[in-house]
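One letter stands for each residue in the lines below.
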Amino acid sequence: MINSINPSADSFLADIDRLQAKSDRAQRQLSSGLRVTKASDDPDQVASMLDISASLARNEQIGVNLSRVKTEVDGAEQALSAAVSTLEQVSVVGAQGATFSQTAATRAALASQVQDLLERLVANADTSVEGRYVFSGDSDQTAPYAIDLATATGATPYAGSAATRQVEDPRSGVFSVSQTAQQIFDAPGASVVGAVNALRVARVANDDAGITAAIAALRSAHDHLSQSLSSYGSIQNDVADAIAEVKTIGLRLTTSLSAIRDADLVSATLELNEARLGIDAAFSARARVPRTSLFDFLG
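Predicted model only: the values in this text are computed from it and were never measured.

A. Spotlight on the overall build of the protein. A tally of helices and strands in the protein yields seven helices and six strands. The N-to-C order of helical and strand elements in the protein reads α-α-α-β-β-β-β-α-β-β-α-α-α. For the protein, with 299 residues in total, the buried portion stands at 36%. Summarising the internal contacts of the protein: among those between residues at least 6 apart in sequence, 72% fall at separations of at least 24.

Structural data, given as C-alpha cells:
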C-alpha cells in the first residue's frame, strides 16, 4: 500500500468534498422544495412514499369520475324537474277537457296541446349530457324513446338497457347513480307517457270516461315521477358527499406525503450557509499553511 505523500492535503480535500456535498444537497432542497428526490436520499421512506403516491393517484381518479357523474346526475335531475312541471301542465289541460261544457272541437284542440306536452316528456326522457343519454342505462349512446302515436304509450319501446353502472366511493364501496327511462317514464301501473297518451287519445275520441280514467292515471304517474326526482336528489347528495370526501382524503394524503418528502426550507438554508462558511474557512485555513518542500531543508 502506498501512503499519501501529503496526508494534510488529502484530509483537506476530503473535508471540502464533504462540505460541497452538504452544500449541493441543501441547494437541491431549496431549488426543488423537496427533501427526497431519489431513493438514495432516504431509502427507509421510499416504500411509504410510493404507497401514499398510489393512494393519491387512485383518490384523484375517483374525484375525476365523480365530477363527471355529478354533471350527468345534475342534468338528469334538471330533466326530471322539467318533466314533473310538464306533467302538471298535462293535468291542468286534462282538467279543462273534463268539463261537460267543452265541445268536441275544443277537446280536439286540447288533445293537440297534450301531444305537444307528450313530445316534451319524451324529449326529457331523451336528455343527453356530454354525449351520453342519461336515462338509457348502460346503452348511453342510444336515445331511449321516440314519438310513435300508433303505440299505447305514444312512444317507441324502450331502446336502452338496464342501468348497472356504479361509481366508486372514496371511503369504500360503490353506489348506483342512475335509473332508466323505462323505470322513470314507463313503469308498470304508473306509466308517465302512457297516461299522457291515454289522455290524448280520449280527447281525440271525445271519450268522457276515457278522460276521467286518464286523469286518475296521471295522478299515479305524477307520484311516481316525483319519487324518481326525489331519488335523483338523494343521488346528488351522495355524489356531493363523496366529492367532499375526495377533497378531505386528498388533503390528508398530501399532508402525509409532504411530511416525508418536502424539505424544511429553514433547515436547508442554515445547512447551505454552514456548508459555504465551512468551505470558505477551510480554504482560508489552507492558505495559511506554510508551503515547504524537501528543497527547503537542503543546504
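After that view of the structure, there is still more to cover.
B. How the structure looks around the nonpolar core. Judged by nonpolar contacts, the single largest core of 49 residues is most densely connected at Phe135, Phe185 and Leu225. When residues of this core are traced back to their parent elements, those giving at least two are helix H2 (46–97), helix H3 (104–125), helix H4 (181–185), helix H5 (192–204) and helix H6 (208–261). When sequence neighbours within four positions are dropped, the list of residues in contact with Phe185 reads Leu80, Ala83, Leu121, Asn124, Ala125, Phe135, Tyr145, Ser191, Val192, Val193 and Leu225.

C. Local environment of H5. An ideal rise of 1.5 Å per residue puts 18 Å on 13 residues; H5 measures up with 19 Å between its terminal C-alpha atoms. Residues of H5 that are buried: Val192, Val193, Gly194, Ala195, Val196, Asn197, Leu199, Arg200, Ala202 and Arg203. Two to three positions downstream of the cap, the backbone nitrogen of Gly194 sits 2.9 Å from a side-chain oxygen, assigning the N-cap of H5 to Ser191. Asn206, located one to two residues past H5, shows a positive phi value of around 55°.

D. Examining the side chain of Asn124 more closely. By the element assignment, Asn124 lies in helix H3. Among all residues touching Asn124, those that are not within four sequence positions of it are Ala79, Ala82, Ala83, Thr86, Phe135 and Phe185.

E. The arrangement of the environment of Thr106 in detail. Here Thr106 lies in helix H3. When its relative accessible area of 31% is taken as the criterion, Thr106 is described as partly exposed. A sequence separation of 98 residues divides Thr106 from Val204, and the C-alpha atoms of the two residues are 9.9 Å apart.

F. View of unusual backbone geometry. Although it is not a glycine, Ser172 sits at a positive phi angle of roughly 150°. Among the secondary structure elements, Ser172 is positioned in the loop between strand E3 (166–168) and strand E4 (174–176). Overall, the relative accessible area of 57% leaves Ser172 in the exposed class. Despite not being glycine, Asn206 has its phi angle at roughly 55°, a positive value. For Asn206, the location among the structural elements is in the loop between H5 and H6.

G. Structural context of the packing of aromatic side chains. Using the criterion set out here, one finds three aromatic pairs in the structure. Centroid distance Phe135 to Phe185: 6.1 Å. Interplanar angle 70°. Geometry classified as edge-to-face. Placement of Phe135 in the loop between strand E2 (132–133) and E3 and of Phe185 in helix H4 is noted, with a sequence separation of 50 residues between them. Take Phe135 and Phe185: they sit in the same class, and that class is buried. Every member of this aromatic cluster is reached through a ring pair, and the members are Phe135, Phe185 and Tyr232.

H. Spatial organisation of the side chain of Ser228. With respect to the helices and strands, the residue Ser228 is situated in helix H6. Every residue in contact with Ser228, bar those within four places of it in the chain, is listed here: Leu80, Gln179 and Ile184.

Conventions we followed
- Residues numbered from 1 in each chain as written.
- Predicted model: local features only at pLDDT ≥ 70, side-chain atom pairs only at ≥ 80, totals over all residues.
- Heavy atoms only, no water.
- Helix = DSSP H or I, 4+ residues; strand = E, 2+ residues; numbered from the N terminus.
- Buried < 20%, exposed > 50% of the residue type's maximum accessible area, 1.4 Å probe, protein only.
- Contact = heavy atoms within 4.5 Å.
- Core = buried A, V, L, I, M, F, W, Y, C linked by side-chain atoms within 4.5 Å.
- Expected span 1.5 Å × (residues − 1).
- Polar contact = N/O pair within 3.5 Å; in protein donor to acceptor, adjacent residues only side chain to side chain.
- Phe/Tyr/Trp six-rings, centres within 6.5 Å; stacked < 30°, edge-to-face > 60°.

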